[in-house]
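Report on the structure
Next come the chains, spelled out residue by residue.
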Amino acid sequence: MPTSLHHLSEPVLHALNSVTEDEEAARFLLDAESSRRLLLLRAILDAAADADDVRRAWQLLEAAERADPAAFRTVLLDPQVGVWAASLLRRLSRPDPAATSGEPPLRVELGFLGQLAAAVFIAAGVDFSACVPVRDGRVFLPGLGRATVGGAPWGTAEVWGHDGAVRVAAGDVTVTLPDDTENDGPGWEGQRWLRAEHAGMALTLTLDDLGPYAPVPALTTSGRLSSAQFASWQRWFARMWTVLVDDHTVSARALAAGLRSVVPVPRGERLRARAASSSDAFGCLLLSEPDEDEDVLPAQLGIAVLHEFRHTLLNGLIFLTPVFEECDELLYAPWRDDPRPLGGLVHGAYAFSGVACYWRTRGVEGLAGFEYALWRSAVRTVLGTLREHRALTQLGHTLIAGLHEQTAGWHAEPVGVREQRLADLATVHHRATWRAHHLHVPAAHAKELAEAWYAGRPADVVTRHPEPTLRADPQACRLDTLALLARLSLVAPGEFDTLRAAEDPARKVPGVVPADLALVDGDAATAVKLYSEELNAPGARPAAWAGLGLALTECGERAAGNALTEHPELALAIGHVLPTPPDPVLLAHWLAE
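Here is a short report on the structure shown in this document. Note that the structure is a prediction, hence the values are computed from the model and not measured.

1. Description of the overall build of the protein
Secondary structure summary: the protein contains 23 helices and 16 strands in total. For 593 residues, the compact-globule formula gives about 25 Å, and the C-alpha radius of gyration of the protein, at 27 Å, lands near that figure. With the C-alpha coordinates of the protein rotated into their principal frame, the extents come out at 90 × 55 × 50 Å. For the protein, with 593 residues in total, the buried portion stands at 55%. Relative to all contacts within the protein whose residues are 6 or more apart in sequence, the contacts with residues 24 or more apart total 68%.

In structure tokens, the structure reads:
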């Protein structure tokens, strides 16, 4: 199983250092990933070479590669193989790799080598016989499907092929694979494929609802989809592909070259789709069912796919050469509720520069105009943080400088007035709410400010202003509330109006309060009143200070509004010290003075 040397040429590096995606760069990274997988397999063999069953499985895998090298590469690049290999190698690196709570026996994980070999032999149409482990009564064959044989949770089964017929047997149960393994049969669930074609360009990738290895363990997957659910995914991808081929042709070619699979996850909250990717699973996307807003569904699904694909590309580059050094610093990211490490910020800058580029081509009004204005601002903020960061490597500085150069001119480009206002609201609200949750004013300073307020002295008598400390608040969530409401007002105005009329809108859209709806709708006076009422009552959300600041600004009280949006942590800290809640509007004016 020979690996190859991969030289990161200037043309490939230039193609990767871009706000768009490139077919040749995707193919280069896929080749590099193939070699990385081979190295992982070799490391697994070296770590477990004293096990007879591992040596036998390795010999079988070598025979499978000789039988059909192309089939071997296809199976090797299945994202399930990447997740299995990386997680197993981490396990073998532990002082004691024996199974802990929730882990399969080590022999079951090592036995996956036999499942790889069987999958290659089946694809090659070559006679073979292999002993493989049973996992919870099932045998998974990567890229093909899953046989249910029952019996002991961690038993063994035999897979063999003869004269074109393939069977999986354990005990008294034998499952015969259908001629077309994509089809289901007695005891067999076939691996189904999403296929789309438009204007001579085709996209083909697996819809992985069978694989035993979770690319992102924290994200619950949907499990096996019904035929109707699969048909919906097929329809969504076909519509998305038309949009990508027609309007984003270069990116579509890169996707066709590099995408391998989609793992479905349950639908998220309204207009809060779930999407993720994993560095262990090149070309794999985890996606939730999209909101079925017919006019914008194809474009929204397209950007979800491109966004996660850009993470895959950057992961592939980082495997070849470092972009940043490890550091302990946590930073603000306009797309996250929590403080992020440097690597997360670099990944976000790379992914969201592509997101902004995508929406830039789709118009200046409606959803496209809003998304473009929102994400170009987010990218500018983060690139400003990263440009001179000491922990970036030389390549990292080149990457960030390139993204800055390509995006710098975007901020002078006009979008619709309404769309720009909504993007500004969402941008300022997110950052201010993030500060309110995660930045903590030193106790002595908060006390000094509270005493000055209580005594009726001006705020400027407190001349010492120490920097707040960053302490992540695990309760911070849904900091994107204003962005969500902006999207809803643009794509479903009737639904927005119904929500605004609701007494308790959070029952329909978690995290939303009437004040937020009034602010987005342009009724700033009502928003000031509602935010003030919330802040005068116990248990007010930190986000209410950010919302009040924006509402005051829209009412013309800019200095008071800025005091709350720029430093909401001060108002929050003062309120915590005082025995009763202060009048929030008066406090905002006091801080502004």
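Next comes the rest of the write-up.
2. A look at unusual backbone geometry
With phi around 55°, Asp 163 is a residue other than glycine that occupies positive phi space. By the element assignment, Asp 163 lies in the loop between strand E4 (156-162) and strand E5 (165-170). A positive phi is found at Ala 199, a non-glycine position, where the angle reads about 50°. Positionally, Ala 199 belongs in the loop between strand E8 (192-198) and strand E9 (201-207).

3. Section: the pairing of strand E10 (residues 261-265)
Of all 5 residues in E10, 5 are buried, a share of seventy percent or more. Neither face of E10 is exposed, since Ser 261, Val 263 and Val 265 on one face and Val 262 and Pro 264 on the opposite face are all buried. Relative to E10, E9 runs parallel, the two being bridged by 2 bridges. By the bridge assignment, Thr 206 is partnered in E10 with Ser 261. Judged from the 5 bridges that link them, E10 and strand E12 (residues 284-288) form a sheet pairing that is parallel. Residue pairing across strands places Val 262 opposite Leu 285, the latter belonging to E12.

4. A short note on the pattern of salt bridges
Counted according to the given criterion, the structure contains 38 salt bridges. Arg 487 is the partner of Glu 371 in a salt bridge, and the nearest nitrogen-oxygen pair spans 2.5 Å. Here the residue Glu 371 occupies a position in helix H12 (residues 366-386), and Arg 487 occupies one in helix H16 (residues 481-491), the gap between them amounting to 116 residues. Arg 487 shares its class with Glu 371; the two are buried. Residues joined in a network through salt bridges with shared partners are Asp 184, Arg 192, Asp 209 and Arg 224.

5. What about the pairing of strand E2 (residues 138-141)?
In this sheet, strand E3 (residues 145-148) lies alongside E2 in antiparallel orientation, the contact comprising 4 bridges. Bridge pairing in E3 places Leu 141 opposite Gly 145. Adjacent in sequence and paired antiparallel, E2 and E3 are bridged by 3 residues, among which Gly 143 carries a positive phi angle near 80°.

6. As for helix H5 (residues 79-92)
Between its terminal C-alpha atoms H5 stretches 20 Å, which fits the 20 Å expected from 14 residues at 1.5 Å a residue. Within H5, burial applies to Pro 79, Gln 80, Val 81, Gly 82, Val 83, Trp 84, Ala 85, Ala 86, Leu 88, Leu 89, Arg 91 and Leu 92.

7. Quick notes on the environment of Asp 523
Within the fold, Asp 523 resides in the loop between helix H18 (514-520) and helix H19 (524-535). Judged by its relative accessible area of 25%, Asp 523 is partly exposed. Remark: the alpha-carbon pair of Asp 523 and Glu 554, spanning 31 residues in sequence, is separated by 9.0 Å. Setting aside residues up to four positions removed in sequence, Asp 523 forms contacts with Arg 500 and Ala 518.

8. Concerning the nonpolar core
If you look at the biggest cluster of nonpolar residues, it comprises 140 residues, and the most contacted ones within it are Phe 237 and Trp 359. For this core, the element with the highest residue contribution is H12, accounting for 12 residues. Excluding anything up to four places from it in sequence, Trp 359 contacts Ala 299, Gln 300, Ile 303, Leu 367, Ala 368, Glu 371, Tyr 372 and Trp 375. Core analysis: the next-biggest nonpolar cluster, separate from the first, contains 60 residues, Phe 72, Ala 119, Ala 130 and Leu 219 among them.

9. Quick notes on the environment of Ile 44
Mapped onto the elements of the fold, Ile 44 is located in helix H2 (residues 23-47). Looking at Ile 44, the relative accessible area reads 0%, which means it is buried. Along the sequence, Ile 44 and Ala 588 sit 544 residues apart, while their C-alpha atoms lie 61 Å from each other. Apart from the residues within four sequence positions on either side, Ile 44 is in contact with Trp 84, Ala 85, Leu 88, Leu 89, Leu 92 and Leu 110.

10. Observations regarding the packing of helix H11 (residues 342-360) against helix H13 (residues 394-407)
At a closest axis distance of 11 Å, the pairing of H11 and H13 adopts a crossing angle of 25°. Taken together, H11 and H13 sit at an angle that is classed as roughly parallel. Like other packed secondary-structure pairs, H11 and H13 cross with a definite hand, here left-handed. Contacts from Ala 349, Tyr 350 and Ser 353 of H11 reach H13 at Leu 399, Leu 403 and Thr 407. Looking at side-chain class alone, the contact of H11 with H13 contains 4 nonpolar, 2 polar and no charged residues.

11. Some thoughts on the packing of aromatic side chains
According to the stated counting rule, one finds 11 aromatic pairs in the structure shown. Seen from their ring centres, Phe 112 and Tyr 213 are 5.4 Å apart, and the 85° between their planes marks the pair as edge-to-face. Taken as a pair, Phe 112 in helix H7 (residues 112-124) and Tyr 213 in the loop between E9 and helix H8 (227-247) lie far apart in primary sequence, 101 residues in all. On the basis of relative accessible area, Tyr 213 is assigned to the buried category, the value being 7%. One aromatic cluster in this structure is built from Trp 84, Phe 112 and Tyr 213. When the ring centre of Tyr 350 is taken as origin, the NZ or CZ atom of Arg 310, which lies over that ring, is 4.2 Å away. The ring of Tyr 372 carries Arg 376 above its face, with NZ or CZ at 4.8 Å from the centroid.

12. Quick word on the side chain of Ser 251
Here Ser 251 is to be found in helix H9 (residues 249-258). Among all residues touching Ser 251, those that are not within four sequence positions of it are Glu 21 and Leu 306.

13. Section: the sheet that holds strand E6 (residues 173-176)
Here 4 strands make up an open sheet; going across it, the order is E1-E4-E5-E6 and the pairing antiparallel. Unpaired on one side and paired on the other, strand E1 (128-133) and E6 mark the two borders of the sheet. Averaged over neighbouring strand pairs, the angle between their axes works out to 20° when direction is ignored. The pairing of E4 with E5 spans 5 bridges and is classified as antiparallel. Directly across from Trp 160, in E5, lies its bridge partner Arg 167. Docked against the sheet, H7 engages E1, E4 and E5, running at close to 145° with respect to E1.

Thresholds applied
Residues numbered from 1 in each chain as written. Predicted model: local features only at pLDDT ≥ 70, side-chain atom pairs only at ≥ 80, totals over all residues. Heavy atoms only, no water. Helix = DSSP H or I, 4+ residues; strand = E, 2+ residues; numbered from the N terminus. Rg over C-alpha atoms; globule rule 2.2 N^0.38 Å. Buried < 20%, exposed > 50% of the residue type's maximum accessible area, 1.4 Å probe, protein only. Contact = heavy atoms within 4.5 Å. Pairing = 2+ DSSP bridges. Salt bridge = Lys/Arg side-chain N within 4 Å of Asp/Glu carboxyl O. Expected span 1.5 Å × (residues − 1). Core = buried A, V, L, I, M, F, W, Y, C linked by side-chain atoms within 4.5 Å. Axes fitted to C-alpha atoms, helices over the stretch in contact; angles between N-to-C directions. Parallel < 35°, antiparallel > 145°, perpendicular 65-115°, else oblique. Left-handed = near helix turned anticlockwise from the far one by under 90°. Nonpolar A, V, L, I, M, F, W, Y, C, P; charged D, E, K, R; others polar. Phe/Tyr/Trp six-rings, centres within 6.5 Å; stacked < 30°, edge-to-face > 60°. Lys NZ or Arg CZ within 6 Å of the ring centre and 35° of its normal.

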